[in-house]
Number of protein chains: 4
Amino acid sequence: MEIGIYGLGRMGANMVRRLLRSGEHRVVAGNRSPGPVDEAAKEGAEGAYSMQELVDKLEPPRVIWSMVPAGEPTEKTLMGFAELAQEGDILIDGGNSYFRDSVRRASALRERGLRFLDAGTSGGIWGLEVGYCLMVGGDRSAFEHVEPALKTLAPPDGYAYLGEAGAGHFAKMVHNGVEYAMLQAYAEGFEILKKSPYGYDLRALSSLWNHGSVVRSWLLELAERAFEKDAELQSIRGYVEDSGEGRWTVLEAIEEDVPANAIAGALFARFASRQEDSFAMKVIAALRREFGGHAVKEAGPGGGG
Amino acid sequence: MEIGIYGLGRMGANMVRRLLRSGEHRVVAGNRSPGPVDEAAKEGAEGAYSMQELVDKLEPPRVIWSMVPAGEPTEKTLMGFAELAQEGDILIDGGNSYFRDSVRRASALRERGLRFLDAGTSGGIWGLEVGYCLMVGGDRSAFEHVEPALKTLAPPDGYAYLGEAGAGHFAKMVHNGVEYAMLQAYAEGFEILKKSPYGYDLRALSSLWNHGSVVRSWLLELAERAFEKDAELQSIRGYVEDSGEGRWTVLEAIEEDVPANAIAGALFARFASRQEDSFAMKVIAALRREFGGHAVKEAGPGGGG
Amino acid sequence: MEIGIYGLGRMGANMVRRLLRSGEHRVVAGNRSPGPVDEAAKEGAEGAYSMQELVDKLEPPRVIWSMVPAGEPTEKTLMGFAELAQEGDILIDGGNSYFRDSVRRASALRERGLRFLDAGTSGGIWGLEVGYCLMVGGDRSAFEHVEPALKTLAPPDGYAYLGEAGAGHFAKMVHNGVEYAMLQAYAEGFEILKKSPYGYDLRALSSLWNHGSVVRSWLLELAERAFEKDAELQSIRGYVEDSGEGRWTVLEAIEEDVPANAIAGALFARFASRQEDSFAMKVIAALRREFGGHAVKEAGPGGGG
Amino acid sequence: MEIGIYGLGRMGANMVRRLLRSGEHRVVAGNRSPGPVDEAAKEGAEGAYSMQELVDKLEPPRVIWSMVPAGEPTEKTLMGFAELAQEGDILIDGGNSYFRDSVRRASALRERGLRFLDAGTSGGIWGLEVGYCLMVGGDRSAFEHVEPALKTLAPPDGYAYLGEAGAGHFAKMVHNGVEYAMLQAYAEGFEILKKSPYGYDLRALSSLWNHGSVVRSWLLELAERAFEKDAELQSIRGYVEDSGEGRWTVLEAIEEDVPANAIAGALFARFASRQEDSFAMKVIAALRREFGGHAVKEAGPGGGG
């Protein structure tokens, strides 16, 4: 089929590649800056150096897949294409948008006669080879129209229609919340192993656990790779970003009255990992000095807060 | 090789089967009660109706694998065989023993000239077909001696020598702690999905996530099976036992100063799942009534605490 | 001074009483339904049976204190008075509103020439005797104008101007978040004491801790009272509501990247206390059956959730 | 009455002072090193430069209060005095011992005909002025014998007999667990306030909350003092020690199946505060790089952990 991909970052560029490699699709590849467009064109895509050009190079009903960061960039991209598209065209948001934004956008686009899909996309840098797991919500007819591309992008059985607008991004949000807590599960386990008196080889143990144990998983296979590169992780700081979906999962848990200690704990551990110093812990140190005369550590010259 | 298995519960009986099926081992199967011995004998094992008989039917250096519950039963079994065994014999504890007990037992057995292995065993009811992941600590020469049996019991690459006595059970303990938190991760995610307005088909979503997503795992494959049998889990109560290893993992985290919010949170969620009523929550309800006049729910006739 | 109080629930009625008792204020007391107005009138207030009447009975610049539930009722009350008030009048929200609503309302009211104060109010049913702790944000000139009433309502040093609009309700929100975690702290402690082998008298122990120990507090004094009434809390179910501010505190912690395990854990414990059955725990029970053949509890005829 | 105090650290020395100031007791003050003995002698105590001398200077039945650190020092002190004491003498452990040790010691001392009390002591550096909250377990006749000293050491109603051996230290353990979570409650709240856009004066807000609010407490009075000395706590690092009792409280919660997320979370926050870098967080950073190509922070030259 024919599809336009807008946003040629790592994920978008790899999706273009995967679509092209199949030999089954005509791909128009657009991006705000021209470099990645040149690149994609070299690999067989038709380059589009503007949103207008991307729209012009597709036949109606057009399929335009936005693969830009969530928030303002996605808002601008989708609303920009909404101006240029015509009735019956299909806009897809493959980014990590908040599902409430997707619900709102689906409604705004529907009023213009456009069809919207929110396509939660998992797979990271492995998607090019393995395929992307695609969780799709929104207009059902649009889903059916783009199914050939979804089939190419995903591994076998790796895409599904999950329900009305927002269902895709909601599922992706929870997926990432689960991912946070799974990573935390392994991470706590490895730290306990590392501090044990047994001097475990964590690469070997990850590998062992991946053969027949209850905790075997793809993430644990990646752990094996990570420990292979750096057995003690000496080159890496224990500093972990978060991208929004873990937060939203906790907000949603609170909205729904779900006790979510593991996911929230995983999120808070990331917050803590990024703090130079913790004001909360300063408070406790100060109070312990007040009531017990316990010694405090003085903040160094570069101490902060 | 030649091996005695003592304790023919579900795990032990299946291990006997897996050893026999390979056609490579002579297996003497013992148990406290005779029924399971008869059963094993029918399937090709040599039955031993007492510990003495099991010892008598093996050639020195004997290999005796205990597969009985942790705690008192394991203590009795190992110390019982210690009385009957002779120098150079090998005793293996394949149960879920506390690693500190294994350290102690290894030392006691060593004083008698016996060799000990602590073999943390994962795989559950799937081990018969898939093989058991075996995490082995203890006497290295003993490990080498029993390796042919380990090779049969485990899937390819599914067993390893991890270090001195206790290293096997320590690794198994942490494995289970990680498992607790992974289960909690999925469980929280599924509850958030279930309470969403999207009416997700959780079996379909589990299946989808298993194809290309970051959270794919063996446990998630089992979730797919569980939701296939009972889409809403209506037949099951949210009541979860714990077997000891989750607790020990948290104790060890505390011993080592490791912040383990996810594993501890998973353990505490199990505790809460088993409470008819929570005294802590009664206290809060009572205090809220005291300061704010907030209504409390009165305990019913069967209410308790 | 002259002040109108609208909303004669428990808190509002008691505030009217406290203002009247001082003999220093003229209080116009209004309410949607007439009963509480009659009551207040008997105790010396001037009754107002409609918002219009309340406005009519006050001299400009009017001071109108809304004491109705947060959300829709507060929105309607404030916006209703905004229609009736005239430039320079002062509207005060003493309810438990979300601080973001207060920021928005302050701005909307300012456009109409009205002055707004958000007055976070703590003290519960004890406020009548002890005084209310008042955390006030908003228009500074308005704060100064109403200070005589604040002085009467609060205990000595029990009111303060905290900053621009929202500062009062933000401080009250965090106050309640802290309260959640403090209650949880005591509650966990009392449950551990209760399950100990020592058979503690929890009233006596609460009393003891209130005399010289580090954890003495007003809440602990209330615990003493609660245990005095019902030593084992047998008459109360462990079922705890939450009013919104605990949730908002966790949302704000997430907004600010603050690790807030204690406050979030306290909130989640309340969620759990209200669940008949936990879907998350059903998932774990189901998965344990799948991998280990562990027994599950079957849901009873009334099982659900 | 007549009492020997052994261990003249900050707590022990202040207890000697408080006993002497009352004018009601004869105090023999002993210590391993002579300096504090000289000091106590100057203030009116009779100095004892050895355990033997302390025993010699007391009339039977002797009352000997050990005020040394928990663990080995307490073991040595109590067992040392057990050698020197005679039947009917009373040994008191006022330190922060693990209640299981107290149970064991009570039994060992009883076999020698000695009476034992475990006296959990709260009050810190304020005890001298305010009095110490004393939670006492052990031999009831011994409690009655030493009651005059307890009355002097405690504020009014600030001591009690709680039950058999261990009951005192168990109560003190839980007291400290509650304290951990209360400190964490305030600490999280203050961090959320500090990061808000309202620029709160935390000293003023602590003071405000102490006048009529639900969260008023002695710890919050100390917070007011701490913020008065250093409004932003710039001089203090967010590094918090723990002394054992928080850990034991969590161990006991696990022993009793009590969900204790707030206390455990508070303990883990202290662990995290002391980590230069978190291995768990390194694992997560490494895994995120593996699956998503997310950037990691490289460890600096001094990186470790």
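Residues numbered from 1 in each chain as written. Chains lettered and ligands numbered in written order. Predicted model: local features only at pLDDT ≥ 70, side-chain atom pairs only at ≥ 80, totals over all residues. Heavy atoms only, no water.

An unreviewed UniProt entry lists chain A under the name 6-phosphogluconate dehydrogenase (Decarboxylating), with Rubrobacter xylanophilus given as the organism.

Focus: the domain arrangement of chain A
Many structure descriptions define interface size as the accessible area lost when the parts assemble. Residues and elements named next belong to chain A. Note the following rule: Each domain's extent was defined by an automatic or database domain assignment. Here, residues are in contact when the closest pair of their heavy atoms is within 4.5 Å. Put simply, a salt bridge is a Lys or Arg side-chain nitrogen that is within 4 Å of an Asp or Glu carboxyl oxygen.
Taken domain by domain, chain A consists of domain 1 (2-164) and domain 2 (172-274). Computed over C-alpha atoms, the centres of domain 1 and domain 2 are 30 Å apart. Each partner contributes to the interface: domain 1 provides 10 residues, whereas domain 2 provides 11 residues. Between domain 1 and domain 2 we count one salt bridge in total.

A look at the interface of chain A and chain B
To keep it simple, the criterion reads: The buried area of a pairing is the accessible area, by a 1.4 Å probe, that goes missing from both parts when the two are put together, added over both. Pairs of N or O atoms within 3.5 Å make up the polar contacts considered here, provided that, within protein, one atom can donate a hydrogen while the other can accept it, and that residues adjacent in sequence are counted only when both atoms are side-chain atoms. Counting from the N terminus, the helices are the DSSP runs of H or I reaching at least four residues and the strands are the DSSP runs of E reaching at least two.
Counting from both sides, the interface comprises 63 residues of chain A and, opposite them, 63 residues of chain B. Buried surface at the junction of chain A and chain B, summed over both partners, amounts to about 5,300 Å²; 72% is from carbon and sulfur atoms. Among the residues chain A hides against chain B, the three largest losses belong to Ile192, Tyr198 and Val214 of chain A. Together they make up 14% of the total. Here chain A is connected to chain B by zero salt bridges. Summed over the shared surface of chain A and chain B, the number is 22 residue pairs in polar contact (both at pLDDT 80 or more). The set of elements that each furnish at least two residues to the side of chain A that touches chain B consists of α5 (99-111), β7 (133-138), β8 (159-163), α8 (167-194), α9 (202-209), α10 (218-229), α11 (245-255) and α12 (261-273) of chain A.

Description of the relation of the copies chain C and chain D
What counts, and what does not: The copies were overlaid with a least-squares fit restricted to C-alpha atoms from residues scoring a pLDDT of at least 70 in each copy.
Placing chain C over chain D gives an RMSD of 0.1 Å and needs a rotation angle of 180 degrees, together with 0.0 Å of translation along the axis. Viewed as a symmetry operation, the transformation between the two copies matches a two-fold axis. Mapped onto chain D, 100% of the interface residues of chain C are again interface residues, and the two copies thus contact each other with one and the same surface.

A word on the sheet that holds strand β1 (residues 2-6) of chain D
Residues and elements named next belong to chain D. Spelled out, the test is: When DSSP locates at least two bridges between a pair of strands, those strands are taken to pair. The convention used is that axes are lines fitted to C-alpha atoms, helices contributing only their stretch in contact, and that angles between N-to-C directions extend from 0 to 180 degrees.
A sheet is described by the order of its strands in space; here eight strands give the open sequence β3-β2-β1-β4-β5-β6-β7-β8, paired in mixed fashion. At either end of the open sheet lies a strand with only one pairing partner, and these are β3 (46-48) and β8 (159-163). Put simply, the sheet's adjacent strands are angled 25 degrees from each other on average, direction ignored. Pairing between strand β6 (residues 115-122) and strand β7 (residues 133-138): six bridges, direction antiparallel. Each bridged residue has a counterpart across the sheet, and for Ala119 the counterpart in β7 is Val136.

Quick look at the relation of the copies chain A and chain B
Under the fitted operation, chain A is carried onto chain B by 0.0 Å of movement along the axis and a turn of 180 degrees, and the coordinates agree to an RMSD of 0.0 Å. Taken together, the interface assignments show that 100% of the residues at the interface of chain A recur at the interface of chain B, consistent with an identical surface on both copies.

Digging into the packing of helix α13 (residues 279-292) of chain B against helix α8 (residues 167-194) of chain C
Formally: Should an angle lie under 35 degrees it is considered roughly parallel, over 145 roughly antiparallel, and from 65 to 115 roughly perpendicular; all remaining angles are considered oblique. Whether a crossing is left-handed or right-handed is set by the direction in which the near helix is turned from the far one by less than a right angle, anticlockwise for left-handed and clockwise for right-handed. In this count, Pro and Cys sit with the nonpolar residues alongside Ala, Val, Leu, Ile, Met, Phe, Trp and Tyr, while Asp, Glu, Lys and Arg are called charged and the others, Gly among them, polar.
The geometry of α13 of chain B relative to α8 of chain C is characterised by a closest axis approach of 8 Å and an angle of 130 degrees between their N-to-C directions. Relative to α8 of chain C, α13 of chain B is oriented oblique. The hand of the α13 of chain B/α8 of chain C crossing is right-handed. Listed contacts from α8 of chain C to Phe279, Ala280, Met281, Val283, Ile284, Leu287, Arg288 and Phe291 of chain B of α13 of chain B are Glu179, Leu183, Gln184, Ala187, Glu188, Phe190, Glu191 and Lys194 of chain C. Of the residues contributing to the contact of α13 of chain B with α8 of chain C, the split by class is 10 nonpolar, one polar and five charged.

Topic: the pairing of strand β7 (residues 133-138) of chain C
Residue and element names in this part refer to chain C. What counts here: Relative accessibility under 20% of the residue-type maximum defines a buried residue, over 50% an exposed one, and the middle range a partly exposed one, all with a 1.4 Å probe and only protein chains included. Whether a crossover is right-handed comes down to one check: with the strands pointing away from the viewer, does the path from the first strand over the helix to the second run clockwise; if it does, it is right-handed.
With six of six residues buried, β7 lies mostly within the body of the structure. With burial as the criterion, each face of β7 is covered, one bearing Cys133, Met135 and Gly137 and the other bearing Leu134, Val136 and Gly138. In the sheet, β7 pairs with strand β8 (residues 159-163) via four bridges, with the strands oriented parallel. Counterpart to Val136 in the pairing with β8 is Tyr161. Crossover β7 to β8 through helix α7 (residues 140-153) is right-handed.

Here's the deal with the packing of aromatic side chains
The following threshold applies: Two aromatic rings, drawn from Phe, Tyr or Trp (for Trp, its six-membered ring), form a pair once their centres lie within 6.5 Å of each other, and the interplanar angle then sorts them: stacked below 30 degrees, edge-to-face above 60, tilted otherwise. Either the NZ atom of lysine or the CZ atom of arginine qualifies as a charge over a ring when it sits within 6 Å of the ring centre and within 35 degrees of the ring normal.
In this structure the tally under the stated criterion is 56 aromatic pairs over all chains. Judged by centre distance (6.0 Å) and plane angle (55 degrees), the ring pair of Phe268 of chain D and Phe271 of chain D falls under tilted. Separated by three residues within a single helix, Phe268 of chain D and Phe271 of chain D lie in helix α12 (residues 261-273), roughly one turn from each other. Relative accessible area serves as the criterion here: at 1%, Phe268 of chain D is assigned to the buried category. The positively charged end of Lys297 of chain C is found above the aromatic ring belonging to Tyr239 of chain B, 4.4 Å away from the centroid. Above the face of the Phe279 of chain A ring, Lys194 of chain D is positioned so that its terminal group lies 5.3 Å from the ring centre.

A few points about the side chain of His25 of chain A
Residues and elements named next belong to chain A. Checked against the element boundaries, His25 lands in the loop between α1 (10-21) and β2 (26-30). For His25, a relative accessible area of 10% translates into the label buried. A polar side-chain atom of His25 sits 3.0 Å from the main-chain amide nitrogen of Met1. Polar side-chain contacts of His25 include one of 2.5 Å to the side chain of Thr152.

Regarding the pattern of salt bridges
Here the structure, examined in full by the defined rule, presents 96 salt bridges over all chains. Of the charged contacts in the structure, one is a salt bridge between Lys229 of chain B and Glu290 of chain C, with a shortest N-O distance of 2.6 Å. In this pair, Lys229 of chain B sits in helix α10 (residues 218-229) while Glu290 of chain C sits in helix α13 (residues 279-292), so the two residues belong to two different chains. Salt-bridge contacts for Arg140 of chain C lead to Glu144 of chain C; the nearest nitrogen and oxygen are separated by 3.6 Å. One end of the pair, Arg140 of chain C, and the other, Glu144 of chain C, are both in helix α7, four residues apart, so they sit about a helical turn from each other.

Remarks on the interface of chain C and chain D
In this assembly, 63 residues from chain C lie in contact with 63 residues from chain D. Here chain C meets chain D over a buried area of about 5,300 Å², counting both sides, of which 72% is carbon and sulfur. Ranking the residues of chain C by area buried against chain D places Ile192, Tyr198 and Val214 of chain C at the top, with a combined share of 14%. Where chain C touches chain D, the interface holds zero salt bridges. Here chain C and chain D share 22 residue pairs in polar contact (both at pLDDT 80 or more) between them. Elements that contribute at least two residues to the side of chain C that touches chain D include exactly α5 (99-111), β7, β8, α8, α9 (202-209), α10 (218-229), α11 (245-255) and α12 (261-273) of chain C. Residue composition of the side of chain C that touches chain D, by class: 38 nonpolar, 15 polar and 10 charged.

Observations regarding unusual backbone geometry
A negative phi holds for most residues other than glycine; trans holds for most peptide bonds. Geometrically, the link from Pro60 of chain B to Pro61 of chain B is a cis peptide bond, its omega value of -10 degrees lying close to zero. We note that Asp157 of chain C has phi near 65 degrees; this positive angle belongs to a residue other than glycine. Inspection of the secondary structure assignment puts Asp157 of chain C in the loop between α7 and β8. Although it is not a glycine, Leu233 of chain D sits at a positive phi angle of roughly 55 degrees. Structurally, Leu233 of chain D is set in the loop between α10 (218-229) and α11 (245-256).

Brief notes about the sheet that holds strand β6 (residues 115-122) of chain B
Residue and element names in this part refer to chain B. Sheet architecture is open: eight strands sit in the order β3-β2-β1-β4-β5-β6-β7-β8, paired in mixed fashion. The sheet is open, and its two edges are formed by β3 (46-48) and β8 (159-163), each paired on a single side. The average undirected angle you get between the axes of adjacent strands in this sheet is 25 degrees. Looking at chain direction, strand β2 (residues 26-30) and β3 are connected through three bridges and run parallel. Looking across to β3, one finds that Gly30 is bridged to Ala48.

Digging into the side chain of Glu224 of chain C
All names here are of chain C. With respect to the helices and strands, the residue Glu224 is situated in helix α10. Judged by its relative accessible area of 19%, Glu224 is buried. Setting aside residues up to four positions removed in sequence, Glu224 forms contacts with Arg203, Ser206, Ser207 and Asn210.

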